[in-house]
Amino acid sequence: MRNITVLSGGMGGARFLRGLLHGIEHRLLPGVAADATVTVVANTADDIWLHGLKVCPDLDTVMYTLGDGIDPERGWGRRDETWSTKEELAAYGVEPTWFGLGDRDLATHLVRTQMLDAGYPLSQVTEALCRRWLTPSLGDRVRLLPMSDDRVETHIAIADPESASGRRVVHFQEYWVRLRASVPADAVVVVGLDDATPAPGVVDAITDADLVVLPPSNPVVSVGTILGVPRVREALVATRAPVVGLSPIVGGTHVRGMAEQMLTSIGVEVSAAAVGLHYGPRSDGGVLDGWLVDRVDADQVPRVTAAGLPCRAVPLMMTDLDATAAMAAAAVELVGR
């Protein structure tokens, strides 16, 4: 295997990518060439415009993580960050105060917005930003693509007794950052998704791959939105490459994030088996050829395999690079041929 494509969200996908690259570099992945390249198709439906700036949280989390600039404690934003601009904006009473842009992170959004205003599509902007973060050797092995150059934004419908309809819709970032996903999500509304087109290179990255991986990212608002871009799901169904996924649900809940709330909003049981069956086996109209669950969910393996989807229980906690590389190796072994 020389060409691997990963459909990634933010923190979970970024951490998996570090382990995957570690595994490739140290020859820990059976059947994967030491010079294998990785193409990352990142979710952009979390994007938001703030203070006149285009903010792409998942793209930046992947970029900063691979470039060793991520804040390791938060899992997002820049390390050694300062917040003077956020404090000054709050002093002026400028909203929103619930979403803070760090001073170092702000430079990325300024450059991105200037390039977009100059007419460059998001895919070209992302390529330019990655030159700042990916060393020449890493840049030869990794390519980061937005799922689409078009504007796509996820909104969440929540209950609101004061509204005539009984609910209101908030941007995904407000639901996650301000509300901390603490209220039930009635529905997920992805604005612009049906009219979006894949960014240049996205479909080819799937159809020309030797392996496609769905990492332990949110199956609804990360991987789910990538799959919702027209032609992406069709490319997954048609590719000759095996497609393998890793469960973001361990022991009946998410490890980090809000997968539990999002799955509930679309009526999917919060379990490792249910998420695998939500993606579905390619042999029955789904997108997967294999599914990994954590060892604590080993009792769910028969339910998945009974539906025609090969499944195995392995450790899925990304505690360090070697543990994450072992997850990637297990994924390769499950679908390798």
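Up top is the structure these notes are about.
With that settled, consider the sheet that holds strand β7 (residues 167–171). Within a sheet, each strand pairs with its neighbour through backbone hydrogen bonds, oriented either parallel or antiparallel. The sheet built from three strands is open, its strands ordered β7-β6-β8 with antiparallel pairing. The two strands at the open ends of the sheet, each matched to only one other strand, are β7 and β8 (187–191). Averaged over all pairs of adjacent strands, the angle between their axes in this sheet comes to 30°, without regard to strand direction. Pairing of strand β6 (residues 153–159) with β7 involves five bridges; the strand directions are antiparallel. Following the sheet pairing, Ile158 is matched in β7 by Arg168.

Within strand β2 (residues 37–42), five of the six residues are buried, which leaves the element mostly enclosed by the surrounding structure. Pairing analysis gives six bridges linking strand β1 (residues 3–8) to β2, with the strands arranged parallel. In the strand pairing of β2, Leu7 is matched with Val41. Note that the unit made of β1, helix α1 (residues 11–25) and β2 has a crossover that is right-handed. In this sheet, strand β5 (residues 142–146) lies alongside β2 in parallel orientation, the contact comprising five bridges. If you follow Val38 over to β5, its bridge partner there is Val142.

What follows is about the nonpolar core. If you look at the biggest cluster of nonpolar residues, it comprises 54 residues, and the most contacted ones within it are Tyr175, Leu214, Tyr279 and Trp291. It is helix α12 (residues 272–279) that contributes the most residues to this core, five residues altogether. With sequence-adjacent residues up to four places away left out, Leu214 is seen in contact with Leu7, Val223, Val243, Val244, Gly245, Leu246, Tyr279, Val287 and Leu288. The next biggest cluster of nonpolar side chains, apart from the first, holds 47 residues, and it includes Leu66, Val125, Met318 and Val335.

Attention now goes to α1. In this model α1 runs 21 Å from its N-terminal to its C-terminal C-alpha over 15 residues, within 8% of the 21 Å that 1.5 Å per residue would give. For α1, the complete set of buried residues consists of Gly13, Ala14, Phe16, Leu17, Gly19, Leu20, Leu21, His22, Gly23 and Ile24.

Bringing the environment of Pro248 into the picture now. In this structure, Pro248 sits in the loop between β10 (243–246) and β11 (249–250). The buried category is assigned to Pro248, whose relative accessible area is 9%. Distance from Pro248 to Leu29, taken between C-alpha atoms, is 21 Å for residues 219 residues apart in sequence. Each residue touching Pro248, except ones within four places of it in the same chain, is listed here: Pro216, Ser217, Pro219, Thr253, His254, Val255, Val275 and Trp291.

Basis of the calculations
Residues numbered from 1 in each chain as written. Predicted model: local features only at pLDDT ≥ 70, side-chain atom pairs only at ≥ 80, totals over all residues. Heavy atoms only, no water. Pairing = 2+ DSSP bridges. Helix = DSSP H or I, 4+ residues; strand = E, 2+ residues; numbered from the N terminus. Axes fitted to C-alpha atoms, helices over the stretch in contact; angles between N-to-C directions. Buried < 20%, exposed > 50% of the residue type's maximum accessible area, 1.4 Å probe, protein only. Right-handed = clockwise from strand over helix to strand, strands pointing away. Core = buried A, V, L, I, M, F, W, Y, C linked by side-chain atoms within 4.5 Å. Contact = heavy atoms within 4.5 Å. Expected span 1.5 Å × (residues − 1).

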